[in-house]
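The residues making up each chain are set out below.
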Amino acid sequence: MSTKDLSVTAKLINGGVAGLVGVTCVFPIDLAKTRLQNQHGKDIYKGMIDCLMKTARADGFLGMYRGAAVNLTLVTPEKAIKLAANDFFRQLLMEDGMQRNLKMEMLAGCGAGICQVVVTCPMEMLKIQLQDAGRLAAHRQGSASAPSSSRSYSTGSASTHKRPSATLIAWELLRTQGLAGLYKGLGATLLRDIPFSIIYFPLFANLNNLGFNESTGKASFAHSFMSGCVAGSVAAVTVTPLDVLKTRIQTLKKGLGEDSYSGITDCARKLWIQEGPSALMKGAGCRALVIAPLFGIAQGVYFIGIGERILKCFE
């Protein structure tokens, strides 16, 4: 195996390991974020802690990991593509890949954001349906027992209360809408992920460079971790309005009286008029708490070089 092939494989392993560890740590907070972003007003959940407590009471500890299987399956290719693509574009655009050039760093981040949506969009599409199922169940219990107009992904008389599965949802979408069904909200996903990557990667690279150690040729684990956390938090909070729009658009099943949206503009307009501008920042705190450690762990693993260490064992 050539050094170049080894480097690419190591990057993919690093991205995969980082994604698996990160998602396992922060998934319950991500579930709370999705439910808070989807609820109209504060009828069901008053905040992140309230959401997690009610979820644990209703579904047990594992209920907070509903939809995690989808993420754990697809986060490896997603994170691997994101980190490897950013490195690839940095090398392509900036000679040795280390030269500080903000415009080129932002362009490399943009390229990474575009590449990752191939996996991110269907992953989030399936994850959101599973995460939001508990909120819809609570919404039904709190409402009058009027029939819901939303479509169910299961059959039979008890279908309204049957928990959906990622396989069932994916099959139903492919059967009725084709591949486009899994990529619903692609525009909104790009609108969120491209600005996120444009902010995150240059900010991380510059923060991480402050801790560069000449003797080791890289920053320490602690510095890389903190740089990833800070850059992730800033980027996450900045693009929260776009994440809210994406979540609303990709949610297929609605509660009684909740709106459906024909696109990004329609969603933003209805959200602004009916719930006010503050609704565009729903789940911002949760999102920062999810993204900060997720990318802190990712960059820490990446800079420790776990992939390189694993590959050495097979030499």
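Parameters at a glance
Residues numbered from 1 in each chain as written. Predicted model: local features only at pLDDT ≥ 70, side-chain atom pairs only at ≥ 80, totals over all residues. Heavy atoms only, no water. Helix = DSSP H or I, 4+ residues; strand = E, 2+ residues; numbered from the N terminus. Buried < 20%, exposed > 50% of the residue type's maximum accessible area, 1.4 Å probe, protein only. Contact = heavy atoms within 4.5 Å. Areas by Shrake-Rupley, 256 points an atom, 1.4 Å probe, with all protein chains shown as cover. pLDDT = per-residue confidence, 0-100. Patch = residues over 30% accessible without salt bridge, like charges linked within 9 Å, V, L, I, M, F, W, Y side chains within 5 Å. Salt bridge = Lys/Arg side-chain N within 4 Å of Asp/Glu carboxyl O. Phe/Tyr/Trp six-rings, centres within 6.5 Å; stacked < 30°, edge-to-face > 60°. Axes fitted to C-alpha atoms, helices over the stretch in contact; angles between N-to-C directions. Left-handed = near helix turned anticlockwise from the far one by under 90°. Nonpolar A, V, L, I, M, F, W, Y, C, P; charged D, E, K, R; others polar.

1. Let's talk about the overall build of the protein chain
Alright, step 1. Helix and strand counts for the protein chain come out as twelve helices and zero strands.
Alright, step 2. Reading the protein chain from its N end, one meets helices and strands in the order α-α-α-α-α-α-α-α-α-α-α-α.
Alright, step 3. Looking at the protein chain residue by residue over its 315 residues, the buried ones come to 49%.
Alright, step 4. Look at the contacts in the protein chain between residues 6 or more apart in sequence, and 79% of them connect residues 24 or more apart.
Alright, step 5. Accessible surface computed for the protein chain: about 14,700 Å², of which carbon and sulfur atoms make up 65%.

2. Some words on the environment of Pro293
Alright, step 1. Mapped onto the elements of the fold, Pro293 is located in helix α11 (residues 284–304).
Alright, step 2. Spatially, the C-alpha atoms of Pro293 and Gly232 are 8.1 Å apart, while their sequence positions differ by 61 residues.
Alright, step 3. Non-local contacts of Pro293, meaning those with residues more than four positions away in its chain, are made with Val26, Phe225, Cys229 and Ala288.

3. Some words on the confidence of the model for the protein chain
Alright, step 1. Considering every residue of the protein chain, the mean pLDDT works out to 84; 89% of them sit at 70 or more.
Alright, step 2. Looking over the protein chain, one finds the lowest element-wise mean pLDDT in helix α1 (residues 3–38), namely 82, and the highest in helix α9 (residues 240–250), namely 96.
Alright, step 3. Predicted confidence is poor over residues 144–160, with pLDDT under 50, and the contacts of this stretch with residues over four places away or in other chains come to 22 contacts.

4. Let's talk about a nonpolar patch on the surface
Alright, step 1. On the surface, Phe88, Leu92, Leu93 and Leu107 cluster together into a nonpolar patch covering about 380 Å² of accessible area.
Alright, step 2. Sort the elements by how many residues they give to the nonpolar patch and helix α3 (residues 68–93) lands first, with three residues.
Alright, step 3. Among the secondary structure elements, Leu93 is positioned in helix α3.

5. What to know about the environment of Arg90
Alright, step 1. Along the chain, Arg90 turns up in helix α3.
Alright, step 2. Sequence-wise, Arg90 and Glu105 are 15 residues apart; in three dimensions their C-alpha atoms are separated by 6.6 Å.

6. So, the packing of aromatic side chains
Note on aromatic pairs: each is described by the distance of the centres and the angle between the planes.
Alright, step 1. Enumeration over the complete set of coordinates arrives at nine aromatic pairs.
Alright, step 2. Relative to Phe295, the ring of Phe196 lies with its centre 5.3 Å away and its plane at 45°, an arrangement referred to as tilted. In this pair, Phe196 is assigned in helix α7 (residues 186–209) and Phe295 in helix α11, connecting sequence segments 99 residues apart.
Alright, step 3. Phe295 gets classed as buried once you look at its relative accessible area, which sits at 3%.
Alright, step 4. Considering the side-chain rings of Tyr200 and Phe295, the 4.6 Å spacing of their centres and the 55° angle between planes classify their relative orientation as tilted. A residue pair is termed long-range when its members are at least 10 positions apart, and Tyr200 in helix α7 and Phe295 in helix α11 qualify at 95 residues. Neither residue differs from the other here; Tyr200 and Phe295 are each classed as buried.
Alright, step 5. Clustering of aromatic rings is evident, with ring pairs tying together Phe196, Tyr200, Phe201, Phe204 and Phe295.

7. Considerations on the packing of helix α8 (residues 221–238) against α11
Alright, step 1. Remark: α8 packs on α11, axes separated minimally by 7 Å, with the N-to-C direction vectors making an angle of 145°. For the pair α8 and α11, the sense of crossing is right-handed.
Alright, step 2. The residue makeup of the contact of α8 with α11, split by class, is 15 nonpolar, seven polar and one charged.

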